[in-house]
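So you can see what is in the structure, the chains are spelled out below.
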Amino acid sequence: MDKTNISEAIIQYEKDKNMNDTQFAFESHLSVERVHNLKSGEYEASPDEIKTVLEYIKLHS
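Residues numbered from 1 in each chain as written. Predicted model: local features only at pLDDT ≥ 70, side-chain atom pairs only at ≥ 80, totals over all residues. Heavy atoms only, no water.

### Quick look at the pattern of salt bridges
Here is the rule we go by: Criterion for a salt bridge: a side-chain nitrogen of Lys or Arg within 4 Å of a carboxyl oxygen of Asp or Glu. For the purposes of this entry, the term helix denotes a DSSP run of H or I that reaches at least four residues, the term strand denotes a run of E that reaches at least two, and both are numbered from the N terminus. Each residue gets one of three labels from its accessible area relative to the maximum for its type: buried under 20%, exposed over 50%, partly exposed in between, using a 1.4 Å probe on protein chains only.
On inspection of all chains with the given rule, the structure shows 3 salt bridges. With its nearest N and O atoms 2.7 Å apart, the salt bridge here joins Lys39 to Glu14. Note that Lys39 is positioned in helix H3 (residues 32-40) and Glu14 in helix H1 (residues 3-17), a separation of 25 residues in sequence. Judged by its relative accessible area of 5%, Glu14 is buried. Members of the salt-bridge network, linked through shared partners, are Glu14, Asp21 and Lys39.

So far we have only geometry, and geometry alone does not tell us how the molecule works.
Spelled out as structure tokens, the structure:
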């Protein structure tokens, strides 16, 4: 998954769940700064971060 898709996945999940970045970061065990960077596309997600985000979204959808 590329960085555009991971950012879109986070944005859509937060929108669907009426959640902000702080809530997403806390529940997914990422830092708020990482969530901001992933959403902005300015930060290249590591394979572990992609796995963490996708597993979290899948588990809580």
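This is not the end of the story, as more comes after the structure.
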